[in-house]
Amino acid sequence: MVTAEAPPGGVAEGLALVHLTSADLEGISAMEAAHGWPTGGSGAQLAATLADASTAVFGLMAGDRLAGHAVVARLPFEAELQAMLVDDAWRGRGLARRLLAAVVAQARAWGSERLLLEVRAGNAPAIALYRGAGFREDGVRRGYYPPQPSTAQTPETTPPRQAGAAGGAAREDALLMSLPLTAQDATGG
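Numbering of residues begins from 1 in every chain and follows the order in which that chain's sequence is written. Confidence filtering applies because this is a predicted model: local features only for residues at pLDDT of at least 70, side-chain atom pairs given and counted only at 80 or more, and all residues used for totals across whole chains, interfaces and linings. Computation of side-chain values covers all heavy atoms of the structure but excludes hydrogens and water.

Enquirer: Please explain the overall build of the chain as it appears in this structure.
Expert: Looking only at helices and strands, the chain has five helices and eight strands in total. For the purposes of this entry, the term helix denotes a DSSP run of H or I that reaches at least four residues, the term strand denotes a run of E that reaches at least two, and both are numbered from the N terminus. Listing the helices and strands of the chain from first to last along the sequence gives β-α-α-β-β-β-α-β-α-β-β-β-α. Burial statistics for the chain: of 189 residues in total, 37% are counted as buried. Residue contacts are counted whenever heavy atoms from the two residues lie within 4.5 Å of one another. A fraction of 71% describes how many contacts in the chain between residues 6 or more apart in sequence connect residues 24 or more apart. Each accessible area value is a Shrake-Rupley result obtained with a 1.4 Å probe; residue values ignore everything except the protein chains displayed when judging cover. Summed over all atoms, the accessible surface of the chain reaches about 10,000 Å², with 52% contributed by carbon and sulfur. Each residue is placed in one exposure class: buried if its accessible area under a 1.4 Å probe, protein chains only, is under 20% of its type's maximum, exposed if it is over 50%, and partly exposed if it falls in between.

Structure follows, in structure tokens:
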């Protein structure tokens, strides 16, 4: 498992924001597997993502250990945050905010009009992060995500909306959000 020891006092200082490359494939794969993320797909798919010129993969490194990463893809007029993960040992220290800032800066550098994302409807901490950064809700994809492996959900993480699925397990909705990046979009005009 790729983790990083948190510094004393819980401060996330000393972390380096870097562009991850194919040399970081093993660390990213290990982090995603440790968190039950099948989203990276196969090793070949993740390697292709790291090599794709229209995709930027950012990492926060504590020495040679990956503390978190984010993937943003360039689309014709927009950019899409495709993944963001912070290791459990580093949560609550502002790393996701720092990764999101790098993603927004990259989307602006590409000239993207909006930054799009989707998030599990029950992921209250992520939704709060995105709302705090200015993202607005655009819609819902009903029953989009399969149930999470862990059945221990607190009221804070229990999805507010779920669509039924065969076999009794409820699928979770995806909340669609976007951040306007151009002055015209930001003013609603």
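Enquirer: What should I look at first to understand the packing of aromatic side chains in this one?
Expert: Two aromatic rings, taken as a pair, are described by how far apart their centres are and by the angle between their planes. Ring pairs shown here join Phe, Tyr and Trp side chains whose ring centres sit within 6.5 Å, with only the six-membered ring taken for Trp; geometry is labelled stacked below 30 degrees between planes, edge-to-face above 60, and tilted in between. With the rule as written, the count across this model stands at two aromatic pairs. Ring centres of Tyr144 and Tyr145 lie 5.1 Å apart, and the angle between their planes is 85°; this geometry places the pair in the edge-to-face category. Given the relative accessible area of 37%, Tyr144 is considered partly exposed.

Enquirer: Any chance you could explain the environment of Ser178 here in plain terms?
Expert: Following the sequence through the fold, Ser178 ends up in strand S8 (residues 171–180). Judged by relative accessible area, which is 0%, Ser178 ranks as buried. In the structure, Ser178 is positioned 63 residues away from Leu115 in sequence and 5.4 Å away in space, judged by C-alpha atoms. Not counting residues up to four positions away in its chain, the partners in contact with Ser178 are Arg114, Leu115, Leu116, Gly134, Phe135, Arg136 and Asp138. Here a polar contact means two N or O atoms within 3.5 Å. Within protein one must be a hydrogen donor candidate and the other an acceptor candidate, and residues neighboring in sequence count only if both atoms are side-chain atoms. Among the polar contacts made by the side chain of Ser178, one reaches the side chain of Asp138 at a distance of 2.6 Å.

Enquirer: Which parts of the structure should I look at to understand the confidence of the model for the chain?
Expert: When pLDDT is low, close inspection of the predicted coordinates is not appropriate. pLDDT expresses how confident the predictor is about each individual residue, on a scale running from 0 to 100. When pLDDT is averaged across the chain, the result is 82; 76% of the residues are at 70 or more. Per-residue pLDDT stays below 50 along residues 1–11; that stretch engages in 24 contacts with residues further than four places along the chain or on separate chains.

Enquirer: Would you explain the pairing of strand S4 (residues 79–86) in this entry?
Expert: A regular strand places its side chains on the two faces of the sheet in alternate fashion. Counting buried positions along S4 yields six of eight residues, so the element is predominantly enclosed. Paired strands, as defined in this entry, are two strands with at least two bridges between them according to DSSP. Note that strand S3 (residues 65–74) and S4 share seven bridges and pair antiparallel. Bridging across to S4, Gly68 finds its partner in Val86. Hairpin connection between S3 and S4: a loop of four residues separates the two successive antiparallel strands. Of the strand pairs in this sheet, S4 and strand S5 (residues 114–120) are connected by two bridges, and their pairing is parallel. Residue pairing across strands places Glu80 opposite Leu116, the latter belonging to S5. Remark: the S4/helix H3 (residues 95–109)/S5 crossover connection has right-handed handedness. A clockwise path from the first strand over the helix to the second, with the strands pointing away from the viewer, defines a right-handed crossover.

Enquirer: It is not clear to me how helix H4 (residues 124–132) should be interpreted in this structure. Could you clarify?
Expert: Each α-helix turn comprises 3.6 residues. Residues three or four places apart therefore point the same way. Among the residues of H4, Ala126, Ile127, Leu129 and Tyr130 are the ones counted as buried. Seen end-on, H4 carries its buried residues on one side only, within an arc spanning 160°. Tucked inside the fold, the buried residues of H4 contact S4, H3, S5 and S8. Once H4 ends, the next one or two residues include Gly134, with phi positive near 100°. Starting at the helix axis, one direction is taken to each C-beta atom, and the arc is that of these directions.

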